[in-house]
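Examination of the molecular architecture
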Amino acid sequence: MSDLDKINSIFNAKIDSVKTKIDLQNIKTEFFGKNGQITQQFKKLGSLDQNKRKEFASNLNKIKDDLTTQIEQKNLEIENFEINEKLKNEKVDITLPARTYQKGKIHPVSQVIDEITSIFSELGFTVAEGPDVETEYNNFTALNTPEDHPARDMHDTFYLEKNKKLLLRTHTSPVQIRAMLSGKPPFKIIVPGRTYRCDSDQTHAPMFHQLEGLHIDKKITMGHLKGCLDYFIKEFFEVKNIKMRFRPSHFPFTEPSAEVDIGYKIENEKIVIGEGDKWLEILGCGMVHPNVLINAKVNPKKYQGFAFGMGIDRLAMLKYGINDLRAFFETDFRWLNHFGFDPLDVPTNYRGLSK
Ligand code: DAH
């Protein structure tokens, strides 16, 4: 038997038992690798006589082609086998019931914060934030709130330490101090956030949300304050001619101070905002007291401005007809499904009055 015949019969004996790609790779190397049996034969060619070389080369090429074809065929066989195995093992059971997905809802408080923020951003306000745990100084003292003010009482405020230095902020107003101390005037910010008071009934919760506003610049007057809040309230409630009044009031951190009421009436047991002869208080405001500016390292001879604070939950209840504040914080999914908003809902004020 010639060398080539031998190689051929060894190959034939081996190829039949090949089952995997690794087996096949081994055979390839054994015959066609650097020192493979066929490769060796090619190396021999150069040392053969001219007349023998031609015949040998033609036989060798034939064998080479034949073995290569067999390897390719085997490769196809293995691939088909593997695909069939995969299909057998990975078949999808379409009789299984589909998974159910629950779509989340945006909480009315978050929705209203987004709406308010987008209205004030149109007026050039940016959003600032502060911590829920405040110092007594920022929450009261720097805001010109005297030692004997009732808001400082243990019954009204959650103190975190016996010596009263830290507390859960009772309003978002301390962020006025933080913002002014950490920057230079002018300031034009709104501050949404959680606030805390020892209070709980149908319209009061120990944790609730406020939104503070502060605008300090060189020539800010009460006229700006009125214009700003007038614009906001009309945009927010989407009512063009809203009845609104500024009622004189008192806050330690503003002078003069006012509370803003809007007109309303009850029609078919539903509240109608903007008309009627009843008044509803919705926010406090005023011109920032010079003592507050001094405490926040702003020169009151050069700068002045206004501030306001409103209850976000209250505004959400009014706008969306929700009558129990406590439901906001009970995390009842059925409630959220009813009163919540779809994530892709365009905030209602995008269709607002000014557009
Ligand atoms: N901080 C006040 C409160 O919680 C609300 C308030 C009133 C904020 C007047 C202000 C303001 O900025 O000027 O009742």
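Look up a bit, the structure's there.
Below is a summary of the structure that appears in this document. Residue numbers restart at each chain and count upward from 1, following the sequence in its written direction. The predicted origin of the model limits local features to residues at a pLDDT of at least 70 and limits the giving and counting of side-chain atom pairs to 80 or more, whereas totals for whole chains, interfaces and linings rest on all residues. For the side-chain quantities, the full set of heavy atoms in the structure was used; hydrogens and water were omitted.

1. Some details on the site of the ligand
How we decide: One heavy atom within 4 Å of a molecule or strand is enough for the residue carrying it to be called near that molecule or strand. Side-chain atoms alone can form a polar contact between residues adjacent in sequence; in general such a contact is a pair of N or O atoms within 3.5 Å, and within protein one must be able to donate a hydrogen while the other accepts it. The accessible surface values rely on the Shrake-Rupley method and a 1.4 Å probe; as for residues, cover is taken only from the protein chains in view. Note on conventions: DSSP H or I runs of at least 4 residues are helices, E runs of at least 2 residues are strands, and numbering of each starts at the N terminus. Each residue is assigned to one of three groups, with Ala, Val, Leu, Ile, Met, Phe, Trp, Tyr, Cys and Pro labelled nonpolar, Asp, Glu, Lys and Arg labelled charged, and all others, Gly among them, labelled polar.
In the vicinity of the ligand, 15 residues are found, and the nearest of them are H171, S173, R197, Q210 and E212. Between the ligand and S173 there is a distance of 3.0 Å, counted from a nitrogen atom to a side-chain nitrogen or oxygen. The fraction of the free accessible surface of the ligand (360 Å²) that becomes covered by protein chains is 89%. Looking at the shell around the ligand, the elements with two or more residues in it are β5 (207-217), β9 (278-288) and β10 (304-311). For the shell around the ligand, a count of residues per class yields five nonpolar, eight polar and two charged.

2. Here we look at the packing of aromatic side chains
Note the threshold: Aromatic pairing here means that ring centres of Phe, Tyr or Trp (its six-membered ring) are within 6.5 Å. Orientation follows from the plane angle: under 30 degrees is stacked, over 60 is edge-to-face, and everything else is tilted. Exposure classes here rest on a 1.4 Å probe applied to the protein chains alone. A residue is buried below 20% of its type maximum, exposed above 50%, and partly exposed in between.
This structure, assessed with the given rule, holds 13 aromatic pairs. Aromatic pair F125 and F308: ring centres 6.5 Å apart, planes at 65°, arrangement edge-to-face. Here F308 lies in strand β10 and F125 lies in the loop between α5 (108-122) and β1 (126-127), a separation of 183 residues in the sequence. Each of the two residues, F125 as well as F308, counts as buried. Residues W335 and F339 carry aromatic rings whose centres are separated by 5.3 Å and whose planes lie at 40° to one another, so their mutual orientation is tilted.

3. Considerations on the pattern of salt bridges
Condition: We define a salt bridge as a contact between a side-chain nitrogen of Lys or Arg and a carboxyl oxygen of Asp or Glu at a distance within 4 Å.
Within this structure, the stated rule accounts for 21 salt bridges. Note that R152 is salt-bridged to E147, the shortest N-O span being 3.8 Å. Its relative accessible area of 5% is what places R152 among the buried residues. Each of R245, R247, E259 and D261 takes part in salt bridges that share partners, so that together they form one network.

4. Quick look at the packing of helix α3 (residues 37-44) against helix α4 (residues 50-89)
Describing two packed helices takes the angle between their axes plus the distance from one axis to the other. Definition in use: Angular values range over 0 to 180 degrees, each being the angle between N-to-C directions of two axes fitted as lines to C-alpha atoms, with helices fitted over their stretch in contact. Here roughly perpendicular refers to angles of 65 to 115 degrees, roughly parallel to angles under 35, roughly antiparallel to angles over 145, and oblique to all remaining angles. Here a crossing is called left-handed whenever its near helix is offset anticlockwise from the far helix by less than a right angle, and right-handed whenever the offset is clockwise. Residue contacts follow a heavy-atom distance rule, with two residues in contact if any of their heavy atoms lie within 4.5 Å.
Contact geometry for α3 and α4: axes closest at 11 Å, N-to-C directions at 160°. By the angle class used here, α3 and α4 are roughly antiparallel. Of the two elements, α3 crosses α4, and the hand of that crossing is left-handed. Along its contact with α3, which presents I38, Q41 and F42, the element α4 presents F56, L60, N61, I63, K64 and L67. Along the lines of polarity and charge, the residues of the contact of α3 with α4 split into six nonpolar, two polar and one charged.

5. Brief notes about the pairing of β10
Heads up, the condition is: Any two strands between which DSSP finds at least two bridges are classified as paired.
Bridge count for β5 against β10 is eight bridges, and the pairing is antiparallel. By the bridge assignment, D217 is partnered in β10 with Q304. Two strands pair when backbone bridges link them, and β9 and β10 are joined in this way by five bridges, in the antiparallel orientation. Counterpart to G286 in the pairing with β10 is A307.

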